[in-house]
Amino acid sequence: MRGSFPFLSSYGFPPSVYLKRFFRCRTMSTRNYQDAIEHLNSLQTNAAALQAARAEGPRLNPNAITEMIEFLERIEYTCEDLNTLNVIHITGTKGKGSTSAFTDSILRHAKPNWKVGLYTSPHLVAVRERIRINGKPLSEEDFAKYFFEVWDRLQKNGPKTLEFPVMPNYFRYLTLMAFHTFLSEKVNATILEVGIGGAGDSTNIVPRPIVTGITTLGLDHTAVLGKTIGAIAWQKGGIYKPEEGMEVLKKRAEELQAAYFMEVPSLPESGFVKLGTDFSSGSACGITDNFYINYEKVWLVNIKFKTQLLLLQMAHTFLHSVDASELRPELLLQLSAPFLTGLEYTRWPGRCQTVVDPNYQGTTWYLDGAHTAESLSCCMQWFIQVGLGLKEPQSTRVLIFNCTSGRSGPAFLGTILEKTRELLLRQGREETPENFFSHVIFCSNVTYADGHFKGDLTSRALSNTDLVNLTTQHELANAWSQLIPPFPSDAIHVLPSIEHAIQTVRGLSKAERVDVLVTGSLHLVGGIIEVAGLASVALE
């Protein structure tokens, strides 16, 4: 299903259409998955509203939680009902999605008879990926069923508070739908990934989560959360630097009357553990370092440092606390078989993932949705190693990159090049960042060459002007040229869609083996999986 969002460009797109949204009304009896997606997309915030919000500076809705609670009541639940979901609540800047995925896998392997719900964002190819039960995304039929049950209740039960919105926005709606789905399915445990921040996030209406955790902090979503680590840390309940972090975490734990707070050391002799996806290929995700944990009766996020230690201790604490059998579980000192199996069989597509093209055997895709400076550094550490980005004989390397408006694209490219230089020197390679990639492609996140989106990938947050002029992509191309003046101009490609980018790669792969690194945006990665026909391999 394609969304109707064509735009004007020099590539021959329809001349008078600018991302218009066509909402087709259907009868009750024909409401299906496609109808649900159209209704859901109508709740997206448009580009003009987002731009106005950025211009005003960091400003959070003071009624965010109150509004969300009222929405919950309008779909005929109370906050107390959410306690029955047995929630693990996770936030952070980098790694919160993978932390959620690994934790989900560990719980499912530790408790094979349980039904485990997982709510994450964003999705790669289909929005139903965001709501999973026992590791599987909702089917299109179940998604439509639960979607319209929530929709109908909101239509039936209007706002109680006059100044509150009639309908929730896109993310709030999906959060409500996740709660409804998990309660209807009577899950035994629920992993909730925060959308943005923590304190005012729509997931933050569960009165008594069993465990709450925070992954590494960094500068992201600064237009909403603030432009300093301190401002972001307050929202997420932690702080980035270890010395200051402990004090802030303890203070937040006291403010929120946590059951208890403990500092957790590294696992003794944890050694090497096989991880799912391609995480085991890189040292960026090693199971090392300290972190802090705070659990039970806490709204906000309270764990810090390395992702794997975080998820292991959270899963351990949850399993020993969910039935209130242990108020103060002992530290996890050794990984049991279910933990090891859960780590090994975790699947989290689009993150440090290698996909051999099923249709073009000479092309290998390296997919990582890194979109912060820290995660891009980890992405390069994963890619630039023997057997992945470094091969004998060497394939032609191509970089496909995009980032959303408002993020520091040129700075991100600088991070990529600096990390590339460091890793090539460490590997003793004669190559340099100047000749590491043979081609770089900067394309928009528009799915198809005719200017349309796949319905699930539709984004009203993209500026019409930016899309028409490819403003962001030209800025990235100019930044690349300034960072690497000798780089051939004819090898820098500015393209209006993901399909154009794939066509360019296909042209190269006819004559040579090609390794393609796709990064900078999960939306970009999802579009590549869709258009290149990788779903049968990448999402299996």
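This structure is a prediction, so every number in the text was calculated from the model and none was measured.

A. Structural detail: the packing of helix 3 (residues 64-74) against helix 7 (residues 170-185). As a packed pair, helix 3 and helix 7 sit with axes 11 Å apart at the nearest point and diverge in direction by 45°. By the angle class used here, helix 3 and helix 7 are oblique. Remark: the crossing between helix 3 and helix 7 carries right-handed chirality. Touching Ala64, Glu67, Met68, Phe71 and Leu72 of helix 3 are Arg172, Thr175, Leu176 and Phe179, all from helix 7. The residue inventory of the contact of helix 3 with helix 7, partitioned by class, reads six nonpolar, one polar and two charged.

B. Inspection of helix 6 (residues 140-156) at higher detail. For helix 6, with 17 residues, the first-to-last C-alpha span of 24 Å sits near the 24 Å given by 1.5 Å per residue. Among the residues of helix 6, those classed as buried are Phe143, Ala144, Tyr146, Phe147, Phe148, Val150, Trp151 and Leu154. Where the residues of helix 6 are buried, they touch helix 1 (33-41), helix 3 and helix 7.

C. Layout of the pattern of salt bridges. For the structure on display, the rule yields 18 salt bridges. Across the pair Lys115 and Glu185 runs a salt bridge, and its minimum N-O distance is 3.4 Å. Note that Lys115 is positioned in the loop between helix 5 (96-110) and strand 3 (116-119) and Glu185 in helix 7, a separation of 70 residues in sequence. Here Lys419 makes a salt bridge to Glu422, at a shortest N to O gap of 3.3 Å. With Lys419 and Glu422 both in helix 14 (residues 409-427), this residue pair falls three residues apart, about one helical turn.

D. Highlighting the nonpolar core. Residues Leu72, Phe143, Phe147, Tyr173 and Met177 are the most contacted members of the largest nonpolar core, which totals 43 residues. Going through the elements one at a time, helix 1, helix 3, helix 4 (79-82), strand 4 (131-133), helix 6 and helix 7 are the ones with two or more residues in this core. In terms of residues, this core owes the most to one element, helix 7, which gives ten residues. Those residues in contact with Met177, other than ones at most four positions away along the chain, are Ile131, Leu138, Phe143, Tyr146, Phe147 and Val150. Formed by 35 residues, the second largest nonpolar core is a distinct cluster that contains Leu388, Phe412, Leu424 and Phe436.

E. Examining the sheet that holds strand 16 (residues 514-519) more closely. Ordered in space as 10-11-16-12-13-15, the six strands form an open sheet in which the pairing is mixed. Every other strand in the sheet has two partners, leaving strand 10 (353-356) and strand 15 (492-495) as the edge strands with one partner each. Put simply, the sheet's adjacent strands are angled 20° from each other on average, direction ignored. With four bridges connecting them, strand 10 and strand 11 (residues 363-368) associate as antiparallel partners. What sits directly across from Gln353, in strand 11, is Leu367. Across the sheet, helix 17 (residues 471-483) lies against strand 12 (396-401), strand 13 (439-443) and strand 15, angled at about 170° from strand 15, the strand it touches most. Along the sheet face, helix 19 (residues 522-531) touches strand 11, strand 12, strand 13 and strand 16 and points at about 150° away from the line of strand 11.

F. Molecular detail of unusual backbone geometry. Backbone torsion omega between Ser121 and Pro122 reads -10°, so that peptide bond is classified as cis. Along the chain, the position of Pro122 falls in the loop between strand 3 and strand 4. Residue Glu392 is joined to Pro393 through a cis peptide bond whose omega torsion reads -10°. Its place among the elements puts Pro393 in the loop between helix 13 (373-383) and strand 12. Positive phi, normally seen in glycine, also occurs at Asn134, with a value near 50°. Position of Asn134 among the secondary structure elements: in the loop between strand 4 and strand 5 (136-137). Positive phi values are uncommon outside glycine, yet Lys186 reaches one of about 55°.

G. Focus on helix 17. Relative to the 18 Å expected for 13 residues at 1.5 Å per residue, helix 17 spans 18 Å between its end C-alpha atoms, a close match to the ideal helical length. Those residues of helix 17 not exposed but buried are Thr472, Gln473, Leu476, Ala477, Ala479 and Trp480. What you see down the axis of helix 17 is that its buried residues fit within an arc of 160°, all on one side.

H. Representation of the environment of Pro488 within the structure. When you line up the elements, Pro488 lands in the loop between helix 17 and strand 15. With a relative accessible area of 41%, Pro488 lands in the partly exposed category. Separated by 54 residues in sequence, Pro488 and Glu434 place their C-alpha atoms 9.8 Å apart.

About the thresholds
- Residues numbered from 1 in each chain as written.
- Predicted model: local features only at pLDDT ≥ 70, side-chain atom pairs only at ≥ 80, totals over all residues.
- Heavy atoms only, no water.
- Axes fitted to C-alpha atoms, helices over the stretch in contact; angles between N-to-C directions.
- Helix = DSSP H or I, 4+ residues; strand = E, 2+ residues; numbered from the N terminus.
- Parallel < 35°, antiparallel > 145°, perpendicular 65-115°, else oblique.
- Left-handed = near helix turned anticlockwise from the far one by under 90°.
- Contact = heavy atoms within 4.5 Å.
- Nonpolar A, V, L, I, M, F, W, Y, C, P; charged D, E, K, R; others polar.
- Expected span 1.5 Å × (residues − 1).
- Buried < 20%, exposed > 50% of the residue type's maximum accessible area, 1.4 Å probe, protein only.
- Salt bridge = Lys/Arg side-chain N within 4 Å of Asp/Glu carboxyl O.
- Core = buried A, V, L, I, M, F, W, Y, C linked by side-chain atoms within 4.5 Å.
- Pairing = 2+ DSSP bridges.
- Arc of directions from axis to C-beta.

In short, shape yes, function no, at least from these values alone.
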